[in-house]
Amino acid sequence: MAIHDQIADDLRARIDSGEYPAGASLPSVRELQAKWKCSDGPVRDALAILRGEGRITVSRGAPARVRIPPERKDLLISITPEAAQTQKDLALRSEAERAETGAVELSLGVPIDQTSFTAEYSRVPADDDLARTFGIEPRTELLRRTYRTADKQTGRLILSSVSHIPVPLIESNPALLDEKNEPWPGGHWHQLHTVGIEIDRLENSIVAMQPTTRQRQDWGMDQGVPLLCLRSLSIDITGRVVEVADSTYPGDRTAIRYTHQLARWTA
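Residues numbered from 1 in each chain as written. Predicted model: local features only at pLDDT ≥ 70, side-chain atom pairs only at ≥ 80, totals over all residues. Heavy atoms only, no water.

Student: How do you make sense of empty space enclosed by the protein when you look at a structure like this?
Tutor: Empty space among the atoms becomes apparent when a probe as large as a water molecule is rolled across them. Per the counting criterion, the structure on display carries one cavity of 30 Å³ or more. When its volume is computed, the largest cavity comes out at roughly 40 Å³. Those elements that provide at least two residues to the lining of the largest cavity are β5 (141-151) and α9 (187-193). Looking at the lining of the largest cavity, its residues break down into five nonpolar, one polar and one charged. (1 Å grid on protein atoms, 1.4 Å probe; cavity = no way out; pocket = protein on both sides within 12 Å on 5 of 7 lines; lining within 4 Å. Points joined across faces, edges and corners; volume = space filled by probe spheres on them. Helix = DSSP H or I, 4+ residues; strand = E, 2+ residues; numbered from the N terminus. Nonpolar A, V, L, I, M, F, W, Y, C, P; charged D, E, K, R; others polar.)

Student: Looking at this structure, how should I read the packing of helix α1 (residues 3-17) against helix α2 (residues 29-36)?
Tutor: For any two helices packed against each other, the geometry comes down to the angle between their axes and how far apart the axes lie. Running from N to C, α1 and α2 point in directions that differ by 115°, and their axes come no closer than 12 Å. For the element pair α1 / α2, the angle class is roughly perpendicular. The way α1 lies across α2 gives a crossing that is right-handed. Contacts between α1 and α2 pair Ile3, Gln6, Ile7, Asp10, Leu11 and Arg14 from the former with Leu32, Lys35 and Trp36 from the latter. Residues of the contact of α1 with α2, tallied by class, amount to five nonpolar, one polar and three charged. (Axes fitted to C-alpha atoms, helices over the stretch in contact; angles between N-to-C directions. Parallel < 35°, antiparallel > 145°, perpendicular 65-115°, else oblique. Left-handed = near helix turned anticlockwise from the far one by under 90°. Contact = heavy atoms within 4.5 Å.)

Student: I would appreciate a short explanation of helix α3 (residues 40-52) in the present structure.
Tutor: End to end, α3 covers 18 Å across 13 residues, agreeing with the expected 18 Å (1.5 Å per residue, within 8%). Those residues of α3 lying buried are Pro42, Val43, Ala46, Leu47 and Leu50. Viewed along the axis of α3, the buried residues span an arc of 140°, placing them on a single side of the element. Against the buried residues of α3 lie α1, α2 and β1 (56-57). Note on α3: the residue one or two positions beyond its end, glycine 54, has a positive phi of about 80°. (Expected span 1.5 Å × (residues − 1). Buried < 20%, exposed > 50% of the residue type's maximum accessible area, 1.4 Å probe, protein only. Arc of directions from axis to C-beta.)

Student: I keep staring at the pattern of salt bridges and nothing clicks. Help me out?
Tutor: Opposite charge on two side chains lets them pair, provided their charged atoms get close. Within this structure, the stated rule accounts for 18 salt bridges. For lysine 35, the salt bridge goes to aspartate 10, with nearest N and O atoms at 3.3 Å. With lysine 35 in helix α2 and aspartate 10 in helix α1, this pair connects stretches of sequence that are 25 residues apart. Classification of lysine 35 by relative accessible area gives partly exposed; the value is 43%. (Salt bridge = Lys/Arg side-chain N within 4 Å of Asp/Glu carboxyl O.)

Student: Help me understand the packing of α2 against α3, please; the structure alone is not making it clear to me.
Tutor: Packing of α2 against α3 brings their axes to within 9 Å, and their N-to-C directions diverge by 115°. Viewed along their axes, α2 and α3 adopt a mutual orientation that is roughly perpendicular. The chirality of how α2 crosses α3 is right-handed. The residues of α3 that touch α2, namely those facing Val29, Leu32 and Gln33, are Asp40, Val43, Arg44 and Leu47. Per-class residue counts for the contact of α2 with α3 are four nonpolar, one polar and two charged.

Student: Is there a simple way to explain the sheet that holds strand β6 (residues 157-166) in this structure?
Tutor: Two modes of strand pairing occur in sheets, parallel and antiparallel, and in both the strands are linked by backbone hydrogen bonds. Read across the open sheet, the six strands follow the order β4-β5-β6-β9-β8-β7; overall the sheet is antiparallel. Each edge of the open sheet is held by one strand with a lone partner, namely β4 (115-125) and β7 (199-209). Within this sheet the neighbouring strands show an average axis-to-axis angle of 15°, counted without direction. (Pairing = 2+ DSSP bridges.)

Student: Sorry if this is basic, but what is going on with unusual backbone geometry here?
Tutor: One can expect most non-glycine residues to show negative phi and most peptide bonds to be in trans. Following glutamate 182, the chain continues into proline 183 via a peptide bond in cis, with omega recorded as -5°. Here proline 183 lies in the loop between α8 (167-170) and α9. Here lysine 37, not a glycine, exhibits a phi torsion of approximately 50°, which is positive. Tracing the sequence through the fold places lysine 37 in the loop between α2 and α3. Owing to a relative accessible area of 75%, lysine 37 belongs among the exposed residues under this scheme. With phi around 75°, arginine 139 is a residue other than glycine that occupies positive phi space. You can see arginine 139 is positioned in the loop between α7 (128-134) and β5.

Structural data, given as structure tokens:
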């Protein structure tokens with residue numbers, strides 16, 4: 001095994017055992033060189049491995065430290081039948097009622113008045129992946145909606161999502177094509193309701209991905225921390241996929257909880 005892997009394995013084990021707790025300084029490069037009887041190259045390679053794993057932070061002119069992860073309770077996403085039903089039923093309420101409660105508040109528990117929200121609309125042709133998902137011809141025009149919600153006090157991003165809807169489904173209501181109408185009271189549930197579409201169910205899938213440099217900065221994420229990408233398909237009562245929404249969340253502070261209610265066996 002290469003010397004830098006041996007150093008990384010040793011430090012990793014000591015971090016995991018609690019010998020080097022969160023926030024503690026690791027031995028200096030010079031100390032590690034002496035211990036392992038090697039040049040500084042393998043030591044720095046070992047530290048780079050641990051940094052890439054999100055275990056340590058490295059600052060110029062200071063010893064590496066064991067990373068202090070944020071508490072996962074910072075961002076708790078609720079994916080339950082009850083939460084989805086609440087959002088669906090809200091679409092049938094008055095505009096005043098719909099304006100009081102947003103999707104972020106329902107799914108993350110963050111009050112609307114503590115967030116800042118932006119929406120950008122554009123029209124794009126469906127690529128092969130989205131065309132298959134929607135069951136439409138490639139290059140069919142889609143409305144792409146990019147949503148960003150940040151904490152007003154810290155400026156830190158708390159929700160980022162990109163939604164796609166086939167334009168032919170919603171063009172009968174021109175208001176749905178204009179970003180100036182955002183935030184829309186009742187969200188996409190009510191938007192689709194205005195063109196006669198009722199959502200029957202949501203199908204969700206989650207994958208991990210490496211963030212870009214810009215995404216890392218927006219979220220305030222350390223190197224080595226992945227993003228979780230939640231893809232949600234909104235399927236109407238006829239079985240059509242009517243919206244595809246991709247939302248991203250930092251993996252070090254996100255707890256995704258969902259519930260499956262099972263029928264009881266009968267005696």
